[in-house]
Number of protein chains: 2
Amino acid sequence: MSYKYLEAFFKPKSIAVIGASRNPEKIGYQLLKSLIDVGYEGRIYPVNPKADEILGLKVYPNVMSIKDEVDLAIIAVPAPSVPEVMKEIGIKGVKCVVVISGGFKEVGGEGVKLEEEVKSIAKEYGIRLIGPNCIGVYDPHNKVDTLFLPRGKALRPVKGEIAFISQSGAMGVAFMDWLAMEGIGLSCFVSYGNKADVDEVDLLEYLMYDEKSKVIAMYVEEVSRGRDFIEIARRVSMIKPIVAIKAGRTSEGAKAVSSHTGALAGRDDIVDAAFKKVGIIRAYDTHELFDYARALATGRVAWGDRIAIVTDGGGAGVMATDKLTDEKRGVGLKLAELKRETIRELKKYLPPFAIPHNPIDLTGNATPEMYKNVLDIVCRDENVDGIIVIVLIHPPMMDESIVDKISEVYKSMDKPILIAATGGEPTQRILKMFQERGIPSYPEVERTVKAMRCLVDRGRYLIKISQKNKY
Amino acid sequence: MSYKYLEAFFKPKSIAVIGASRNPEKIGYQLLKSLIDVGYEGRIYPVNPKADEILGLKVYPNVMSIKDEVDLAIIAVPAPSVPEVMKEIGIKGVKCVVVISGGFKEVGGEGVKLEEEVKSIAKEYGIRLIGPNCIGVYDPHNKVDTLFLPRGKALRPVKGEIAFISQSGAMGVAFMDWLAMEGIGLSCFVSYGNKADVDEVDLLEYLMYDEKSKVIAMYVEEVSRGRDFIEIARRVSMIKPIVAIKAGRTSEGAKAVSSHTGALAGRDDIVDAAFKKVGIIRAYDTHELFDYARALATGRVAWGDRIAIVTDGGGAGVMATDKLTDEKRGVGLKLAELKRETIRELKKYLPPFAIPHNPIDLTGNATPEMYKNVLDIVCRDENVDGIIVIVLIHPPMMDESIVDKISEVYKSMDKPILIAATGGEPTQRILKMFQERGIPSYPEVERTVKAMRCLVDRGRYLIKISQKNKY
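Let me begin by describing the structure that accompanies this report. (Residues numbered from 1 in each chain as written. Chains lettered and ligands numbered in written order. Predicted model: local features only at pLDDT ≥ 70, side-chain atom pairs only at ≥ 80, totals over all residues. Heavy atoms only, no water.)

Concerning the relation of the copies chain B and chain A
Both copies of the chain are tied together by a single rotation about an axis and a shift running along it. In plain terms, the rule: Least squares is the method for superposing the copies, and the C-alpha atoms it fits come from residues with pLDDT of at least 70 in both. Residues count as neighbours in contact if any of their non-hydrogen atoms are within 4.5 Å of one another.
Laying chain B over chain A is done by rotating through 180° and shifting 0.0 Å along the axis; what remains is an RMSD of 0.0 Å. Given the turn and translation reported, the copies of this chain are related as if by a two-fold rotation axis. Across chain B, the rotation axis passes nearest the C-alpha of Arg329(B), at a separation of 5.1 Å. Here 100% of the contact residues of chain B are again contact residues in chain A; the copies associate through an equivalent surface.

Below you can see the structure in the form of structure tokens.
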């Protein structure tokens, strides 16, 4: 159970910050600030031979001078000093270390040698190491934050159910900042940089057992330990879905990866086949990663490909239908054929001139109540595997109460419902409200349709593996 | 020159609002309010037999009782009363009418007959008619606004260079509200609904001569007068680009259109071939329409397909490269091969461990000044036809001054530069600042890459037609 060894990265009882600084411009200051800002509840030990107190915390000249046990060490000293610090940490008996410092494999030459040295010290002392050249861990549940970026520069997402691991620190931070703005929560985040030790395989294994993580989102440029990765991914994705961006998938992109991280990106057709086999859902464009992860985090899947569309914008319904049914430029799903009794029931609630068929157009006479009644009926139709609701809030009788009305229906059943809404600030507010109530919402019809396809794929995968297990 | 007859829709010297109301809940009130809010500078004549004054304006019992000339009439009375009102307008000699009222062809049955009646009255009196079942015209330059939606519900975009015409009122409003939030300007907007008279052909002809419109964005569900449309589109797109969403492009989507508007959507392969032939750029997903229009509105095109990428996020550079070079899932352009002297020059400005090749990674040590210097050099490279700049503002030395620095380079040359930036509120602010300075900016790397492809396509089209004209 090697995953147990990683626990101190996420739930450390005490943390030492090596290279702590009094200067607010320095990473060593921000690291302490981040731990205080996130409300870390354990002991913090700043280490710096030239300071007595930083941010009200007693400073230690070195790790050895800390009397108590240290669960996790964060290192932010210049690369050439890292091996020395690692040895001290090893002697002190610290078992988990995040090396923030850059200047290792990613810069080539001497950096490569330095990284090898750090690796062998870690091995010698049995230290598990995240990094170097990373931004480390953010866990809003356990209140851990090793990010050296001030919150004014990069906001942190709220608590949630998506675990996000990123090989790239910059992409990680850009995503986190965006997630925070959108109100999308994370169970935890790990940027693991050069992965001198802890890699995707370790993290997947850890996250498999992490109950607060319902889905795993990954940004990777090259996968380490291919066979082990595929094996662990197969096991994980039986329990919880994995969504992954594999950057460097084209030959030009792979070249860019290699000069950026010094790693080889691997042939994409092989990656693709392997991912498919073990149920990893691939995201291609940036937004897809969290569009899919959010939909999957609900725990709902579509057990078939027959989708109903409900909207108050006829044109939006047409756009969604195009994207839904198109095999080439769309996602190749089906418009559900509504049952006769559904149509009969719908007539009671639709405006007299509205034609009750899928896509269901509530027209500009739509009200939040009408949405609720119509959704109630549509959800009960056995020919419907999932529902896309496109809310345009501009018609006269529409307002924010639409969120509560749809939430009511959502809670009363277990089919997936995904929301689309296009518009300005009031629309953005509504999108966020849906998201906060656990109903995935997207600013564009086509993104919603793609997320629904992801839930259909997940349903298919689960059916496939359950049938395999039967025999 | 039939387009001349449409001028009163966009630059009316006086406007009558038929069906004006004292009740703020009514469309007839909002219409007056919108004209006042936009700062309309001509005379407004509210018409309502049961009121004396609304919003401080003198009310007339009918159109005939208005002594002065009326340039434009906006009708918002119930559908059955519209023919009667149209006749009065005809007698009064008004030449341009927007019929907001719904309840015509789109509801079938009696509505179809009613629309025919309105059409023949318009013909009889030589009235040009926009609508019925539309929201009409918004022109921020000439301060005309016939939208019945209060600004609290749907914001209006600022002045700009994109003309936007939409068959769907709901989609039109949703887009406008979104454009306003994003700081993207319009030259004018027309929702033309059932197009009993004025259709795409008329509007394209008008917009061809409209100097403030640099690009035309269209949302259409079915094109009227196919041959005429193609002919006028060919002429227009030699002068200014047209970007179009053609909704109802799949067979299921076309069925949805037909029940939604009563029109036939037409075979998509024919539409596609015709659009391609005359240089109409097709948008498939919702965001593409304005992503492309914004890029084209700059007037800059890429005269080749060799693109440089400049970024401070290595991973983002890889993602952009994947999207750029992928033939299947991407846009199939080329990474520019930088000239030797470019590489030599770049070395002066890049961090020592950064490798100067395309995609150019400024690393986490990036500064706004570094961006400027690097862009200056890259723009001068003859092997580069367009530049994608991906700005992650999280590195310590990055801040909002990046906008001015890049603007400086932008103004000094004429190659297209498109911006991508991913992140939370500070990033959104920077995106808007770029947009306001006339540099198209997108919240996602892949959208930027697609917009660049659009500029390459436009360049190819212009080269093609110029070669044709040679012989």
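A short note on the packing of aromatic side chains
What counts is decided by this rule: Here a pair means two rings of Phe, Tyr or Trp (six-membered ring of Trp) with centres within 6.5 Å. Their orientation is stacked below 30 degrees between planes, edge-to-face above 60, and tilted elsewhere. The numbering of helices and of strands both runs from the N terminus, where a helix is a DSSP run of H or I of at least 4 residues and a strand a run of E of at least 2. Cation placement over rings: the criterion is NZ of Lys or CZ of Arg within 6 Å of the ring centroid and within 35° of the ring normal.
Throughout the structure, instances matching the rule amount to 14 aromatic pairs over all chains. With a centroid separation of 4.9 Å and an interplanar angle of 85°, the aromatic rings of Phe164(A) and Phe290(A) are classed as edge-to-face. With Phe164(A) in strand 10 (residues 159-166) and Phe290(A) in helix 10 (residues 286-297), this pair connects stretches of sequence that are 126 residues apart. Within the aromatic cluster, the residues linked to one another by ring pairs are Phe164(A), Phe175(A), Phe189(A) and Phe290(A). Lying over the aromatic face of Tyr284(B), Arg329(A) brings its terminal NZ or CZ to 3.7 Å of the ring centre.

Observations regarding the pairing of strand 2 (residues 43-47) of chain B
Residues and elements named next belong to chain B. As a reminder, the rule being used: Exposure is judged per residue with a 1.4 Å probe applied to protein chains only, and the accessible area is read against the type maximum: over 50% gives exposed, under 20% gives buried, and values in between give partly exposed. Any two strands are treated as partners once DSSP identifies two or more bridges connecting them.
For strand 2, a buried count of 4 out of 5 residues is recorded, marking the element as mostly surrounded by other parts of the structure. Pairing between strand 1 (residues 14-18) and strand 2: 5 bridges, direction parallel. Across the sheet, the residue bridging to Ile18 is Val47, located in strand 2.

Re the pattern of salt bridges
Keep this limit in mind: Within this document, salt bridges are pairs made up of a side-chain nitrogen of Lys or Arg and a carboxyl oxygen of Asp or Glu, the two lying within 4 Å of each other.
Taken as a whole and judged by the stated rule, the model has 76 salt bridges over all chains. Among the salt bridges present, the one from Asp291(A) reaches Arg294(A), with a minimum N-O distance of 2.8 Å. Taken together, the residues Asp291(A) and Arg294(A), both in helix 10 and 3 residues apart, mark about one turn of the helix. We classify Asp291(A) as buried; its relative accessible area is 1%. Taking the shortest distance from any N to any O, the salt bridge between Asp457(B) and Arg460(B) comes out at 3.5 Å.

Comments concerning helix 10 (residues 286-297) of chain B
All names here are of chain B. Counting buried residues along helix 10, 12 of its 12 residues qualify, which places the element largely inside the surrounding structure. Here helix 10 has its buried residues at Thr286, His287, Glu288, Leu289, Phe290, Asp291, Tyr292, Ala293, Arg294, Ala295, Leu296 and Ala297. Gly299 sits one or two residues past helix 10 and shows a positive phi near 80°.

Some words on the interface of chain B and chain A
Here is the rule: Here the buried area means the combined drop in accessible surface, using a 1.4 Å probe, for two parts upon being joined, counting both sides. Identification of polar contacts relies on pairs of N or O atoms within 3.5 Å, with a donor-acceptor requirement for protein atoms, meaning one able to donate a hydrogen and the other able to accept it, and with residues adjacent in sequence counted only if both atoms are side-chain atoms. Any residue outside Ala, Val, Leu, Ile, Met, Phe, Trp, Tyr, Cys, Pro, Asp, Glu, Lys and Arg is labelled polar, Gly included; the first ten of those are nonpolar and the last four are charged.
Tallying the contact residues gives 66 residues for chain B and 66 residues for chain A. When residues of chain B are sorted by the area they lose upon contact with chain A, Lys153(B), Met319(B) and His394(B) head the list and together hold 12% of the total. The partner of Arg249(A) in a salt bridge is Asp326(B), with the nearest N and O atoms 2.4 Å apart. Counting the contacts that link chain B with chain A gives 30 residue pairs in polar contact (both at pLDDT 80 or more). Elements with a minimum of two residues in the side of chain B that touches chain A: helix 5 (169-182), strand 13 (242-246), helix 8 (251-261), helix 10, helix 11 (314-325), helix 15 (425-436) and helix 16 (445-470) of chain B. It is helix 11 of chain B that provides the largest number of residues to the side of chain B that touches chain A, a total of 9 residues. Here the residues of the side of chain B that touches chain A are counted per class, giving 30 nonpolar, 21 polar and 15 charged.

A closer look at unusual backbone geometry
Here the amide bond leading from Asn358(A) into Pro359(A) is cis, since omega sits at 0°, within 30 degrees of zero. Residue placement: Pro359(A) occurs in the loop between helix 12 (340-349) and strand 17 (360-361). Positive phi values are uncommon outside glycine, yet Lys143(B) reaches one of about 60°. Examined against the element boundaries, Lys143(B) turns out to sit in the loop between strand 8 (136-139) and strand 9 (144-145).

Details of the pairing of strand 12 (residues 215-220) of chain B
All names here are of chain B. The test is simple: Orient the strands so they point away from the viewer; a crossover is then right-handed if the path from the first strand over the helix to the second runs clockwise.
The element strand 12 is largely enclosed, with a buried count of 6 among its 6 residues. Neither face of strand 12 is left uncovered, since the one carrying Val215, Ala217 and Tyr219 and the one carrying Ile216, Met218 and Val220 both have all their residues buried. Pairing geometry for strand 10 (residues 159-166) and strand 12, over 5 bridges, is parallel. Bridging from a neighbouring strand, Ile162 pairs with Val215 of strand 12. Sheet topology note: the strand 12/strand 13 ladder contains 5 bridges and is parallel. The residue of strand 13 that forms the bridge with Met218 is Ala244. The handedness of the strand 12 to strand 13 crossover, carried by helix 7 (residues 226-239), is right-handed.

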